[in-house]
Amino acid sequence: MTMPRRRPGRPRRDETRQTREVVLNAATALFAERGFDAVGLREVAAAAGVDVATVAHHTGTKAALYDACFARVFAAEQQVLTEAAAQARSALHSGPDAARRALHDLVDVFVDFLEDRPETTALWLRRWLEPQRHAELDQRYAEPLYRLVAELLTAAASAGALAEPTPHVTVRSLVWATHGHVVALAAGAPGARERREFRAFVHRLLDGLYGPPAP
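So, a few notes on the structure that sits alongside this text. Per chain, residues are indexed from 1 in the order of the written sequence. Whole-chain, interface and lining totals are the exception, using all residues; otherwise, since this is a predicted model, local features are given only for residues with pLDDT of at least 70 and side-chain atom pairs are given and counted only at 80 or more. Side-chain metrics rest on all non-hydrogen atoms present in the structure, leaving aside hydrogens and water.

## Considerations on the overall build of the protein
Applicable threshold: Runs of H or I in DSSP of at least four residues are treated as helices and runs of E of at least two as strands, each being numbered from the N terminus. Think of it in three bands: with a 1.4 Å probe and only protein chains considered, a residue is buried below 20% of the maximum accessible area for its type, exposed above 50%, and partly exposed in between. Each accessible area is a Shrake-Rupley estimate made with a 1.4 Å probe; only the visible protein chains count as cover when residues are assessed. Asp and Glu are treated as the negative residues and Lys and Arg as the positive ones, with His and the ends of the chain left uncounted. To locate a charge, take atom NZ for lysine, CZ for arginine, CG for aspartate or CD for glutamate.
The helix and strand tally for the protein stands at ten helices and zero strands. In the protein, the succession of helices and strands from N to C terminus is α-α-α-α-α-α-α-α-α-α. Projected onto its principal axes, the C-alpha coordinates of the protein cover approximately 65 × 50 × 35 Å. The 215 residues of the protein split such that 40% are buried. Here the protein has roughly 12000 Å² of accessible surface; of this, 54% comes from carbon and sulfur atoms. Averaging the positions of the 27 positive and the 26 negative side-chain charges in the protein gives two centres separated by 7 Å.

## Side note on the packing of helix 5 (residues 96-116) against helix 9 (residues 167-186)
Using the following cut-off: Only the stretch in contact is used when fitting a helix axis, every axis being a line fitted to C-alpha atoms; angles between N-to-C directions are given from 0 to 180 degrees. Crossings are sorted by hand: turned counterclockwise from the far helix by less than a right angle, the near helix makes the crossing left-handed, and turned clockwise it makes it right-handed. When checking whether two residues touch, look at their non-hydrogen atoms; a contact exists if any pair is within 4.5 Å. Think of it as three bins: nonpolar holds Ala, Val, Leu, Ile, Met, Phe, Trp, Tyr, Cys and Pro, charged holds Asp, Glu, Lys and Arg, and polar takes everything else, Gly as well.
Closest axis-to-axis distance for the helix 5/helix 9 pair is 10 Å, and the angle between their directions is 35°. Considering the relative orientation of helix 5 and helix 9, their crossing is right-handed. Of helix 9, the residues touching helix 5 (which contributes Phe110, Val111, Leu114 and Glu115) are Leu174, Val175, Thr178, His179, His181, Val182 and Leu185. When its residues are assigned to classes, the contact of helix 5 with helix 9 shows seven nonpolar, three polar and one charged.

## Regarding the nonpolar core
What counts here: Within this scheme, the nonpolar core is defined by two criteria: the residues are buried Ala, Val, Leu, Ile, Met, Phe, Trp, Tyr or Cys, and they are joined through side-chain atoms within 4.5 Å.
Counting 60 residues, the largest nonpolar core has Phe31, Val44 and Leu65 as the members making the most contacts within it. Broken down by element, the residue count for this core peaks at eleven residues, all from helix 4 (residues 62-90).

## As for the packing of helix 4 against helix 8 (residues 143-158)
When two helices pack together, you describe them by how their axes are tilted relative to each other and by the distance separating the axes. Heads up, the rule is: Should an angle lie under 35 degrees it is considered roughly parallel, over 145 roughly antiparallel, and from 65 to 115 roughly perpendicular; all remaining angles are considered oblique.
At a minimum axis separation of 10 Å, helix 4 and helix 8 run at an interaxial angle of 5°. By the criterion of interaxial angle, the relationship of helix 4 to helix 8 is roughly parallel. Of the residues in helix 8, those touching helix 4 at Phe74, Glu77, Gln78, Leu81, Thr82, Ala85, Ala88 and Arg89 are Pro144, Leu145, Leu148, Glu151, Leu152 and Ala155.

## Digging into the packing of aromatic side chains
We count it as follows: Here is the rule: rings of Phe, Tyr and Trp (six-membered ring for Trp) pair when centre to centre is within 6.5 Å. Planes less than 30 degrees apart are stacked, more than 60 are edge-to-face, and the remainder are tilted. To sit over a ring, a charge needs its Lys NZ or Arg CZ within 6 Å of the ring centre and within 35 degrees of the ring normal.
This model, assessed by the stated rule, comprises nine aromatic pairs. Taken together, a centroid distance of 5.1 Å and an interplanar angle of 25° make the contact between tryptophan 124 and tryptophan 128 stacked. On the criterion of helical spacing, the pair formed by tryptophan 124 and tryptophan 128 is a turn pair, its members being four residues apart in helix 6 (residues 118-128). One exposure class covers both tryptophan 124 and tryptophan 128, and it is buried. Site record: aromatic cluster; members linked through ring pairs are Phe31, Phe36, Tyr66, Phe70, Trp124, Trp128 and Trp176. If you follow lysine 62 out to its NZ or CZ, it ends over the ring of phenylalanine 36, 4.3 Å from the centre.

## Quick look at the pattern of salt bridges
Condition: By definition here, a salt bridge exists when the distance from a side-chain nitrogen of Lys or Arg to a carboxyl oxygen of Asp or Glu is within 4 Å.
Applying the stated criterion across every chain yields a total of twelve salt bridges. With its nearest N and O atoms 2.2 Å apart, the salt bridge here joins arginine 140 to aspartate 67. With a gap of 73 residues between them, arginine 140 in helix 7 (residues 135-141) and aspartate 67 in helix 4 connect regions that are remote in the sequence. Here the residues in one salt-bridge network are Asp108, Asp112, Glu115, Arg195 and Arg199, joined through shared partners.

## Looking at helix 6
Where we set the bar: Relevant arc is that of directions from the helix axis to the C-beta atoms, nothing else.
Among all positions in helix 6, only Thr120, Thr121, Leu123, Trp124, Arg127 and Trp128 are buried. For helix 6, the angular spread of the buried residues around the axis is 165°, confining them to a single face.

## Some points on the environment of tyrosine 210
Operational definition: Polar contact is the term for a pair of N or O atoms within 3.5 Å; when the atoms are in protein, one must be able to donate a hydrogen and the other to accept it, and sequence-neighboring residues count only if both atoms are side-chain atoms.
Tracing the sequence through the fold places tyrosine 210 in helix 10 (residues 191-210). Note on tyrosine 210: relative accessible area 8%, which makes it buried. Through-space distance from the C-alpha of tyrosine 210 to that of alanine 163 is 6.7 Å; in sequence the pair is 47 residues apart. Every residue in contact with tyrosine 210, bar those within four places of it in the chain, is listed here: Arg100, Leu103, Leu153, Leu162, Ala163, Glu164 and Thr170. Of the polar contacts made by the side chain of tyrosine 210, one reaches the side chain of glutamate 164; its length is 2.4 Å.

## Topic: a nonpolar patch on the surface
Basically, it comes down to this: The patch calculation keeps residues exceeding 30% relative accessible area without a salt bridge and links them within 9 Å when they carry like charges or within 5 Å when they are nonpolar (Val, Leu, Ile, Met, Phe, Trp, Tyr).
Together, Phe201, Leu205 and Leu209 line one region of the surface with nonpolar side chains, adding up to about 220 Å² of accessible area. Accessibility expressed as a relative area gives 39% for leucine 209, which makes it partly exposed.

Note that all results are geometric; they support no functional claim without further evidence.
See below:
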């Protein structure tokens, strides 16, 4: 059987995907460091080792590139949180202790994610310096995750596993605390000690809100 030939000069699909990832990696790092206005497509191209036409081909305008960077970190975060939230939901009908342990596990997953990907925090903090600009990014890439966990807390309260009158406030408070922790690490806080102390803090916070699970 004769395989169809690839037209000269046309990149393979996997090569195209890899190039786009390189561009998004470079753009995410630059936007996280400097914000939207201070980054140009030529700088992204230079950091990615490609030409400007290649950047435009893969992502379009700078605004579209900025959006794609948030979409990419959102997809990774959504995957890990959705899995952890599903496990927590399955524990709701096993009693309050199982539900609380599952919430502790969910918090660990979230803290692990941001510690391993500090560019996520930096990208969002740059965005939030100008809260009126690019507000649609919050609606697409932050609100769904807030809602996922807030709905889990509401379900846990409905199942009698805990008392939570303002789940949206609790979720946002934990998110901001964790972002602050990641910033402290980036600023040079002693890594291992900071990680241990913050992890202990968030678990004490959960215990204070909902009571500790039985040993």
